[in-house]
Each structure stands twice: as structure tokens, then as C-alpha cells.
2 protein chains.
Amino acid sequence: MTYRAPVSDIAFALKHAAGVDKAIAEGLYGDLDEATIDSVLEEAGKFASDVIAPLNRLGDTFGTPFKDGTVTTPPGWKEAYTSWAAAGWNGLASPADFGGQDLPHAVNAACIEMWNAASMAFGIGPVLTMAAIDALHAYGNDDLKDRYLGKLISGEWMGTMQLTEPQAGSDVGALRTKAERVGDGTYRLTGSKIFITYGEHDLTDNIIHFVLARLPDAPAGTKGISLFLVPKVMPDGTRNDVRAHSVEHKMGIHASPTCTMVYGDNGGAVGWLIGEENKGMLCMFTMMNRARLAVGLQGVAIAERALQQAFSYARERKQGAGGVIFNYPDVKRMLLTMRGLTGAARAICYATAVALDRSLRSKDDAARKAAHERASLLTPVAKAFATDIGIEVASLGVQVHGGMGFIEETGAAQHYRDARIAAIYEGTNGIQAIDLVTRKLPLEGGKTVALYLDELRATVNAVRESNSPALGETAARLGEAIDSLERATKWLLAQKSSASALAGATPYLRLFGNAAGGCLLAEQALAALRAGDGAGRTALARFFAENIAVQANGLERTVTEGADSVTNAEAALAD
Amino acid sequence: MTYRAPVSDIAFALKHAAGVDKAIAEGLYGDLDEATIDSVLEEAGKFASDVIAPLNRLGDTFGTPFKDGTVTTPPGWKEAYTSWAAAGWNGLASPADFGGQDLPHAVNAACIEMWNAASMAFGIGPVLTMAAIDALHAYGNDDLKDRYLGKLISGEWMGTMQLTEPQAGSDVGALRTKAERVGDGTYRLTGSKIFITYGEHDLTDNIIHFVLARLPDAPAGTKGISLFLVPKVMPDGTRNDVRAHSVEHKMGIHASPTCTMVYGDNGGAVGWLIGEENKGMLCMFTMMNRARLAVGLQGVAIAERALQQAFSYARERKQGAGGVIFNYPDVKRMLLTMRGLTGAARAICYATAVALDRSLRSKDDAARKAAHERASLLTPVAKAFATDIGIEVASLGVQVHGGMGFIEETGAAQHYRDARIAAIYEGTNGIQAIDLVTRKLPLEGGKTVALYLDELRATVNAVRESNSPALGETAARLGEAIDSLERATKWLLAQKSSASALAGATPYLRLFGNAAGGCLLAEQALAALRAGDGAGRTALARFFAENIAVQANGLERTVTEGADSVTNAEAALAD
């Protein structure tokens, strides 16, 4: 069982859950119409299904052998990458002034899902290149842009994103890599980085590293960090003073080389400043937000891949008097849970991408600002909810397979292994939850989140007014979920003790994802009903509301009543 | 980080959650006293921690190479197994008349947890030997017992349990392996079996296979299955006509050889009947119930191992201004969740073992029967709840490690991979939930489960009467969870449509586990308070009640209100 991109599902979610239909109607996307979007998605789906997906299992078994400082990608990967880049996929949402196609981030998000569903290990490389492009475009000087943007956008070269050091993981401010001013406008970097995705490989002739480092006179912490562009190969064709020291042996995404990088064996790697000195975190946040949404899409992607495989197996596997296992209620519950969670996470990620588009394309400042805040609010939810459910759905996928799920040749196990990293990298899901609670809820004094809750309530009202019997208790259950979310939000905003708020951050994020995801599935059900073809989407929205959204009350109580038992639990945490 | 058996925690759970204290007081265990139990556990803990645990990672990387029909276990495994058996651990709870020590199953359960926490791949082998011993002792004829029981109990030989065939997984009745009567009291078996744990290996000179097969004139389905004892090496020292054909490449428990077995290359493997012809399922149920409890203990075991590693990492990993990550509320929530779920699952498994002991040792028939029903009720919960939380806790363990959790050398990833199988083998967790709902709830017209709910309520009352401020809202939350469990139970018992009941089986089992586990943690908290050392256990019981037991309402609604959205979801399950 390989992957077939669910193009019509994806297009439907883009239009009717994420609101691409409204954005088009408002003229946000210029003369782009739905038919053009459909054909882009169709082509992307073909490439993902036909070219990338067949490489996924080989990538898992071959890995990325490392020898004498070089990484060998699996057979066929370079050819696939080259033809992928040649088809223009890397620059889909990149600026037109450097060769990109300037299509909406929403459309690119759908494509990112497809590349990653075809193969997470393949998809993560371009994700980082795209993030690097955004940062360089926003903050690089003209000289750097002229030299690097075109080739990064075309995919001729790839980019990396280098934050982590052994003592500086979630705490980026603790990094020690040094950058010294040379006086000619360049810098010399010395130090090392760990966990660098695609830090070294043979897919492209050059690799452009985006590296956080610290100047000798920099203030401590995150206010003393600068961002540098450090090419593997210098403009004159010589090798820069940076190399991969080793490649990690990981549980999953084996075909994605995760490298330890060393800078300055011979006096320092040449780097060029991006943005201003000591303002590297500002530039990096641009990269991180794009990358966080993309990693959320990886969660959707691996969930979609796992559910396709589980559906296929369940339809073929004969067992007992019921015929195939697909017919058993307990298996149906697993399959519906997989599909419901995947659809909810997809809609949240796409909605985040549309908010990002609005933040860049809306006509007036106020609309751009509001959209930026919406994107800021949703990004941690998109990242953490989608990657959490990626793990859960992949685990259910193994379970549907029974004993075959534990056998590597079947492929279900690979999804379970691959899925696990997405909840960790680009900011662990705990960090996302803390970001949501401590930075995003207080945006505009709570107005940003309040406006979003109003939108969710409008969906619930529309469901109620539809009077559709097929939607069962959807309106009631989603309404209760939003009540819970609203109360939990208010409670968190009122906390004087940050420890109490932090203790509830993770269950709060899940509550947010369940409520928002449920509403976005319901939006799609309503749109399908209007189109006269609502049976599948109403049944899924109803399942989600009646079986998953009903966790809201328990999650709310965990947030609002459970904090004290966490923050005063020293005795329970003792040896 | 390796494993240190939490002997005092285990002893406390045995005595005060599972009720070994009461069983001793009633004279159920003869002259066995708590001090003797403590010293047995102490010795087991030493062996598990010092001898087995260090082999776990090597077992993962070495696997079980298969060549020319033979399996090589990892370096050091044979020595460890031999000294383990020589110390008498294999026969701890086995009948004294064949060399066993006849200690309680409850004590053996605690030891099984420790062997499996030290290494799941090591522990699963003896689990199957022990199950085979029980079946042979209960149903074998004297001749077979004389020939095989002693060596199985001493561990000189190991046993296997062979049900599964490609077309017969959860549906055991579909198996096709043939057994023909020879006329001399022996049978000749032909066919093949898959997924046979420790089907071939070099730990012992002989392997005694317990094989389900079908006689030529057998009725169809499970009523036509017979159980045979088929030794790898015949009494005269020649090889029997059975061999391993291949060994699976699995996601985890790499050091446990999972074999495809072939019977009858040369006319048929010689087998001896256990029990009566066509009554094999009866004998197999004895094996299965023991094995199911043991697999539940594997879930506890891998959770305990994962949590120890996560606690250790969190205490050492410095990050940010808070010092070590252990101090962060979000990390505390993860660690408390790990410890709470593990403690709850442990208590449920041990309580099941005590019920098993009572079913065998109680003085009068009525008490034995009631205990048998209690054990029957709890076994599917012990198996499925404990193995589900084993996966969740191992996944949290990876998350606590951040990026290091995804690197194989750290070890957290192995637990995540290993844990996954326990929810599948010995009856998938879906099968356990269906067993609970369709066979166990109706026991004695619902009286068995009603009596158990009464016991849980008594715990809640005791918590309330303790008036302990440290227990916070424990009584209220657990009381609500039992209310939910009771309503869901009644609803399930009243269902005319089996599909509706089956659709809610899995969330019902989780509700059961959460409520029962929460009460058993509270029992331990009360016992600790009485002993004047209650801080840790009250804090943990409170965390569980206020953060995990509060899921009860959502789970109840999923069971009682969500069924229709599962059974009438064809449209949502379509392509």
C-alpha cells in the first residue's frame, strides 16, 4: 500500500474549512481562481503519489550512510529531488521577483502536506529551504538576495536552519557558537551545532546554512544572537570552513540526515549577517513560524498516510464471521477516529496558512495586523495538535493491522516511528503550548482569542440552524466544547501565578485543537450539505463532535482545577 | 540510564492496592508473611536490575540472527537465562509437586513486571513457558506431566504457545493446522504457524510447543480445535518434524525471536494431546488468561522503565532559567502522568493476580467461584489498559527527552518501539474490550461487575471520611468517575444491538481502567496516611483523580451517546 494524495479532500478543506473561497471572493489572491488551485493540487498530488511515495520505504531501510564527511542519500532520491525542484514546487509560494510563483501559502501548505505524506524524510528538507527563503527575503541585504535567493527558490541549492547546540535546545538563548567581525563585512564562525536536518547531503551542489551565533560583545541570552548565512561552498567555488562531523542514528525519518555540524576547523567559517547584529531572533522567528506550520503539516501528512494504509488493510483483511475487519464496530471506531483527527488537524493547519496569507496580502494595515495575530494564535495549535494526533493516528494505524502492524515490511510501523519526531522538533509541543498560553492568549488583551471563539460560535449557530438530522448532536457538543474552551481561556488569562497557567498549557492546547477542529469539520459538512453531497462529511463531523469534542469538559477541568495538583506535587515526584 | 526495580513501590502496591495484606490475614497464603514476600521481591529486583537490564540495549541492536533454521540470541542472553532459571524464578508460582515454589501468582506478577521492565524481549519468553506450565498441569495426563512439567518448571526447557496462522489471527477458529491420529496415542501434525514468540532459539536444549490443531473429523470453528504438546526434540533425542522457517523483522523487542513454524516436512510432527479432543480452546483459555495478565504486566513494566529514564533525564538536563527541566510545570505534568498511569495499571494487574490466587486458594467453592469471576472481569482490563498506557507513557518518555528521545542510543526510543506490541499480541486490545463488554459484564447477570463497583465506592467513601486535605478533590472526582462507569455499564448491559455495545467497548474499557486505577491509587494513599508517610502517595492519587479520572464524563458520553455515529457511519468511511 502506497500513498494516493487525497486531492479532492484537500481542495475541499482549503476552500470550505480554511476559507480560501472567501479569500478568493475578496480578491486577496488576485486573479487566482478555484480551478487553477485544483489543477495545481492535482499535479502536486500526482508527483507526490507517483514519484516520491514509492521512495519512502527504501529511504527507511537505506538511511543516509556517512563517510569521510559526506552523506549519501538513498538511491533515486537525488533524481526525485531534482525533478521535483525542476517542476517548480520549491518556489510555489516564494516571491516572484526571484523566480518564485507567488502562489498562496495556503496552496503551498496543501502541497507540503502531500510531499510529507509521500515521505516525511523527503519533505522536511524543502520545508527548511522554504523557511530560509522567507527569512532571507525579509531580512537579507540586496547583495545576499541576489546571490542566494534565486538558487534557493529554484531548489538548485537547499537551505538549513541551525539553532540547536548541546546546551541550547528549547533555550536558544544559551547558544555559544561564536561569530567574529572581520572588518570586510564578513564574519568568521566557530563552534558546533547539533540535530541539523539536512546539514549535509548530496542532493544539491551547495547547501546554504542559516546559523545563529553570538558576537564577542553581544548581550547575554536571546538579545545577543545574530543570524548568519554560511554557504557550504563559497562564491569562488572553494569549500567553506564548515563540515558535518556525524549523522545521528534515529528512530525514524531515516532518509533525513540529521547532522552535527562543526564550524571553524581552519580559523572560522565565512558568514554574512542577515538583518542586524543581535537581532537574529527576530529573523529566526520568521523562519520558525513557517517551519512550525510546516511541521504541523507533517503531522497531518503522516496521519493521512497511516490512515490510508489502515483503511486499505481493513478492507482487505478477512477475519471471522463479519467478513473483513472493516465491518467490525471497534475497527470502525479506530478508522473514524483516524479520519476525524486527521481532518481536524488539516483544517487547522490550512486555516493558519490562510491567516498567514491574509497577514501578507490584505489591503489595509488593520486587516493585515489582525490576520498576523490570528496566524500567531493558531501556529502553536497547528504545530502541536497536528503532530500529537499524527502520533495517535499512526499508532491506531499499527493497531488496525494487528500483528502485521509490528512487522517492518508492512510499513505501518515506519509511520509510527517517523511520526514521533514532529512533536519534538521546531519547538517541542510543550513549548508550543507554553507559547500559546503565555504569549498568544494575551495578544491584544485577549481580544485575538475572543474573536476566534466568536467565529467558532458562529459555526455552531450555523450547524444548529441547518436543522440537519444527519448532524445529530453536533451543534450541542461543539457548543459545550467552546464553552469549556472559553472558560479555560478566561481562567488562564486571569492567572497571576504563571506556574498554574503553565501546568495547564498542554491540556489547554488539546482542548483548543479539539474545539476548533470540530468546528472546521462542521464547516465542511455544512458546505457539503449546501452542495447536495453531505453524507460523508456530516457523518464525520458528527462522529467527531459526539466522540472526541466531548473530551472538552475533562480537559477544561484539568486546566482549571488540576493545576494545584501539578505545581504542588513535589512529594509525588520524589524518588 | 538503566533500570532499578522499584521494590518498595511494588511491595506497597501488592499489599495495599491489590489486597495481599488481607489475603495473608485470611490465611490464604498459608504461612507466607509480608517479610518473606519482601525478601523475594528484593532478590528478584536485584536480578532484574543487575543481570537482565544491562542486556536490553544489546538485545535491541543484536536482534536474533536466523541461519539454517537456527536462531542465535544476543551475547550474554543464554548465560542470563540459565542463571535466572537456576535461581528458581521460572517456577516461582508453579506447583510444588513438580518442583515449583507454589508462591502466590500475585508475587509472581510483581516479578514478571520486573523481568519485563529489565527487558521486554527477555521477559516474554518465560511468560509463555509459565502459561504452558499452567495448561499442562491442569489438563495434561500424568505421563506428559511426568515427562515435561519438571523441566518446564525448572526452566531447563522453555514452552511456546501456538495459535496464530495467516488466516486465523483474532479468529482462532479459522485455523487449519492438521492433526491426524496415529493409533498409538500420538498424533501427526502438519501445517504452519506464524508470529510464534520464542518459536526457535538457543537458550535451552529443547523447546516444548503447545499447538492448536484440527482433527480430520473435527467440527468447524473453535469447537473443533485440539491442543497438542509437540517437543522440538523427541524423548529419544531425535529432532521432531517441526522447524522455524523464518524470523520476523519487527519494530521492537528485537531480541525476542518471532518465528514462522513449519510442521510436517517429513510426514508430520509427533504430538501428544492435552486435555480432550476438540476441547483445545478450554485448555488454551487457561494459557491465554495467564498470558494476558502477563502481557498487561509488560505494559506496566515498559511504562516503569520509561518513566525511570525520563525522571533521570529531567533531573539532569539543564535548560533555561529554571535550572533542570524537572522544575518546569509542563514537564512535571508529563512526569506525573507517567507515574500516575503506571501506578494505576500496576495496581489493576496485581489486583487481578490476587483474584486469580483467590480463585485457586480460597477455602470454599463460592469464594473460589466469585474470585474466578473477579479475575475474569479484570483480566481484559489489566491487559488492555496497562498496555495502552504502556505506549502512552513510553511516548511521554520520548517527549521528556526532547531531541535526544529520537536518538536510538539514548534508549527512550526503544521503549516506545517495544511497548507497541503489547497492545496487539495475546488478543488485541480491541478484542479485550469486546471480551469485557460482551462476556465479562454479563457474568452472573451483571452482579460480578456490580460487586466490583461497590468495592470502588467503598474506597471513595473511605477517602471522603479520611478528611485529608492533601487528597484535595480526590473523593469527588473518583465518585463522579464511578458514577460514569456505572451508568455506562448499565447502558451496555441493556443494549439489544450488539453493534452499539461493541462500538463503545474500547472507550468503556478505558473508563473502567481510569476509575479502578484511580481508586487503587487512593487505597494506597490511605494506607500510606495510616502509616504516617502519605505525602507522595496522596499527591499522586490526587493528581490522578483531578487530571485523569476527570476524563470519565467524556468517555461515558462516547459510550452511551456516540455509538450511533459509529455504527451508522458508512458514508464517513467511504473512499
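Residues numbered from 1 in each chain as written. Chains lettered and ligands numbered in written order. Predicted model: local features only at pLDDT ≥ 70, side-chain atom pairs only at ≥ 80, totals over all residues. Heavy atoms only, no water.

With that settled, consider the relation of the copies chain B and chain A. Least-squares fitting of chain B to chain A yields an RMSD of 0.0 Å, with the transformation described by 0.0 Å of translation along the axis and a rotation of 180°. Here the transformation between the copies is reduced to the relation of a two-fold axis. When the interface residues of chain B are mapped onto chain A, 100% of them are again interface residues, pointing to one common binding face. (Least-squares fit on C-alpha atoms with pLDDT ≥ 70 in both. Contact = heavy atoms within 4.5 Å.)

Moving on, we get to the UniProt feature "domain: Acyl-CoA oxidase/dehydrogenase middle" (unreviewed entry) in chain A. Mapped onto this numbering, the UniProt entry annotates "domain: Acyl-CoA oxidase/dehydrogenase middle" (unreviewed entry) at residues 161–263 of chain A. Strand forms 42% of residues 161–263 of chain A and helix 0%; the C-alpha atoms that close the span are 14 Å apart. (UniProt positions renumbered as here; feature names shortened; annotations may be inferred. Helix = DSSP H or I, 4+ residues; strand = E, 2+ residues; numbered from the N terminus.)

Let's shift gears to the domain arrangement of chain A. Assigned domains within chain A: domain 1 (158–280) and domain 2 (430–567). Taking only C-alpha atoms into account, the centre of domain 1 of chain A sits 40 Å from that of domain 2 of chain A. (Domains from an automatic or database assignment.)

Further remarks concern the pattern of salt bridges. A complete count under the given rule lists 80 salt bridges over all chains for this structure. Residue Lys369(A) pairs with Glu373(A) through a salt bridge whose shortest N-O separation is 2.9 Å. Of this pair, Lys369(A) and Glu373(A) both sit in helix H11 (residues 365–400), separated by 4 residues, roughly a single helical turn. On the accessibility criterion, Glu373(A) (12% relative accessible area) is buried. The closest approach of N and O atoms between Glu26(B) and Arg358(B), which form a salt bridge, is 2.9 Å. Within this pair, whereas Glu26(B) is found in the loop between helix H2 (20–25) and helix H3 (34–52), its partner Arg358(B) is found in helix H10 (residues 329–361), the two being separated by 332 residues in sequence. Salt bridges sharing partners connect three or more residues here, namely Asp9(A), Glu113(A), Glu304(A), Arg346(A) and Arg537(A). (Salt bridge = Lys/Arg side-chain N within 4 Å of Asp/Glu carboxyl O. Buried < 20%, exposed > 50% of the residue type's maximum accessible area, 1.4 Å probe, protein only.)

Attention now moves to the interface of chain B and chain A. Taken residue by residue, the interface counts 84 residues in chain B and 84 residues in chain A. Taken together, both faces of the contact between chain B and chain A bury some 7100 Å²; the carbon and sulfur share is 56%. Run the count over chain B and chain A and you get 10 salt bridges. Linking Glu561(B) and Arg477(A) is a salt bridge whose minimum nitrogen-to-oxygen distance equals 3.3 Å. Counting every contact that joins chain B to chain A gives 47 residue pairs in polar contact (both at pLDDT 80 or more). Looking at which element gives the most residues to the side of chain B that touches chain A, the answer is helix H18 (residues 535–547) of chain B, with 8 residues. Considered class by class, the residues forming the side of chain B that touches chain A number 37 nonpolar, 24 polar and 23 charged. (Buried area = accessible area lost by both parts, 1.4 Å probe. Polar contact = N/O pair within 3.5 Å; in protein donor to acceptor, adjacent residues only side chain to side chain. Nonpolar A, V, L, I, M, F, W, Y, C, P; charged D, E, K, R; others polar.)

Under the feature "domain: Acetyl-CoA dehydrogenase-like C-terminal" (unreviewed entry), the UniProt entry names residues 453–568 of chain A. Split by type, residues 453–568 of chain A is 82% helix and 0% strand. Its first and last C-alpha atoms lie 32 Å apart.

This part covers the packing of helix H7 (residues 120–139) of chain A against helix H9 (residues 280–316) of chain A. Residue and element names in this part refer to chain A. Where H7 contacts H9, the axes come no closer than 8 Å and their chain directions differ by 155°. Viewed along their axes, H7 and H9 adopt a mutual orientation that is roughly antiparallel. Relative to H9, H7 is oriented so that their crossing is right-handed. Where H7 abuts H9, its residues Met120, Ile124, Val127, Ala131, Ala132, Asp134, Ala135 and Tyr139 lie against Leu282, Cys283, Thr286, Met287, Arg290, Ala291, Ala294, Val295, Gln298 and Ile302. Grouping the amino acids of the contact of H7 with H9 by side-chain chemistry returns 14 nonpolar, 2 polar and 2 charged. (Axes fitted to C-alpha atoms, helices over the stretch in contact; angles between N-to-C directions. Parallel < 35°, antiparallel > 145°, perpendicular 65-115°, else oblique. Left-handed = near helix turned anticlockwise from the far one by under 90°.)

The next thing to look at is the packing of aromatic side chains. If you walk through the whole model with that rule in mind, you get 23 aromatic pairs over all chains. Seen in terms of ring centroids, Tyr416(A) and Tyr416(B) are 4.2 Å apart; in terms of plane orientation they differ by 5°. Their pairing is stacked. Here Tyr416(A) is found in helix H12 (residues 412–419), whereas its partner Tyr416(B) is found in helix H12 (residues 412–419) on a different chain. Per residue, the accessibility class of Tyr416(A) equals that of Tyr416(B), and both read buried. Considering the side-chain rings of Tyr452(A) and Phe512(A), the 5.7 Å spacing of their centres and the 10° angle between planes classify their relative orientation as stacked. With a gap of 60 residues between them, Tyr452(A) in helix H14 (residues 447–466) and Phe512(A) in helix H17 (residues 505–530) connect regions that are remote in the sequence. Side by side, Tyr452(A) and Phe512(A) carry an identical accessibility label, which is buried. Within the aromatic cluster, the residues linked to one another by ring pairs are Phe47(A), Trp77(A), Tyr81(A), Trp84(A), Trp89(A), Trp115(A) and Phe122(A). The side chain of Arg537(A) reaches across the aromatic face of Phe12(A), ending 3.9 Å from its centre. (Phe/Tyr/Trp six-rings, centres within 6.5 Å; stacked < 30°, edge-to-face > 60°. Lys NZ or Arg CZ within 6 Å of the ring centre and 35° of its normal.)

In this section: helix H15 (residues 474–494) of chain A. Between the first and last C-alpha of H15(A) there are 30 Å, a value that for 21 residues agrees with the 30 Å anticipated at 1.5 Å per step. Looking only at H15(A), the buried set comprises Thr474(A), Ala475(A), Arg477(A), Leu478(A), Gly479(A), Ala481(A), Ile482(A), Ser484(A), Leu485(A), Ala488(A), Thr489(A) and Leu492(A). (Expected span 1.5 Å × (residues − 1).)

This part takes up the nonpolar core. Leu41(A), Tyr508(A), Phe512(A), Leu41(B), Tyr508(B) and Phe512(B) are the most contacted members of the largest nonpolar core, which totals 316 residues. Leaving out residues up to four positions away in the same chain, Tyr508(B) has contacts with Leu436(B), Val437(B), Leu441(B), Val449(B), Leu485(B), Ala488(B), Thr489(B), Leu492(B) and Val559(B). Grouped together as the second largest cluster of nonpolar side chains are 34 residues, Ala131(A), Trp157(A), Cys283(A) and Met288(A) included. (Core = buried A, V, L, I, M, F, W, Y, C linked by side-chain atoms within 4.5 Å.)

The next subject is the pairing of strand E5 (residues 186–197) of chain B. Regular strands have side chains that alternate between both faces of the sheet. Residues and elements named next belong to chain B. Here 4 bridges tie strand E4 (residues 178–181) to E5, and the two strands are oriented antiparallel to one another. Bridging across to E5, Arg181 finds its partner in Tyr187. Two successive antiparallel strands, E4 and E5, enclose a turn made up of 4 residues, where Gly183 displays a positive phi of approximately 110°. In this sheet, strand E10 (residues 269–274) lies alongside E5 in antiparallel orientation, the contact comprising 4 bridges. (Pairing = 2+ DSSP bridges.)

All names here are of chain A. Relative to each other, helix H1 (residues 7–17) and helix H6 (residues 105–118) sit at 150°, their axes nearing to 11 Å. Considering the angle they form, H1 stands roughly antiparallel to H6. In this structure, H1 crosses over H6, and the sense of that crossing is right-handed. Counted together, Val7, Ile10 and Leu14 of H1 and Ala106, Val107, Ala110, Glu113 and Met114 of H6 form the full contact between these two elements. Here the residues of the contact of H1 with H6 are counted per class, giving 7 nonpolar, no polar and 1 charged.

With that out of the way, let us pick up unusual backbone geometry. Residue and element names in this part refer to chain A. Residues other than glycine seldom take positive phi values, yet Asp68 does so here, at roughly 50°. Tracing the backbone through its elements, the reader meets Asp68 in the loop between strand E1 (66–67) and strand E2 (70–71). Positive phi outside glycine occurs at Glu444, with the angle close to 50°.

Turning our attention to helix H6 (residues 105–118) of chain B. Here H6(B) contains 14 residues, and its C-alpha end-to-end distance of 20 Å stays within 8% of the 20 Å for a straight helix at 1.5 Å per residue. Burial analysis of H6(B) places 14 of its 14 residues in the buried class, the great majority of the element.

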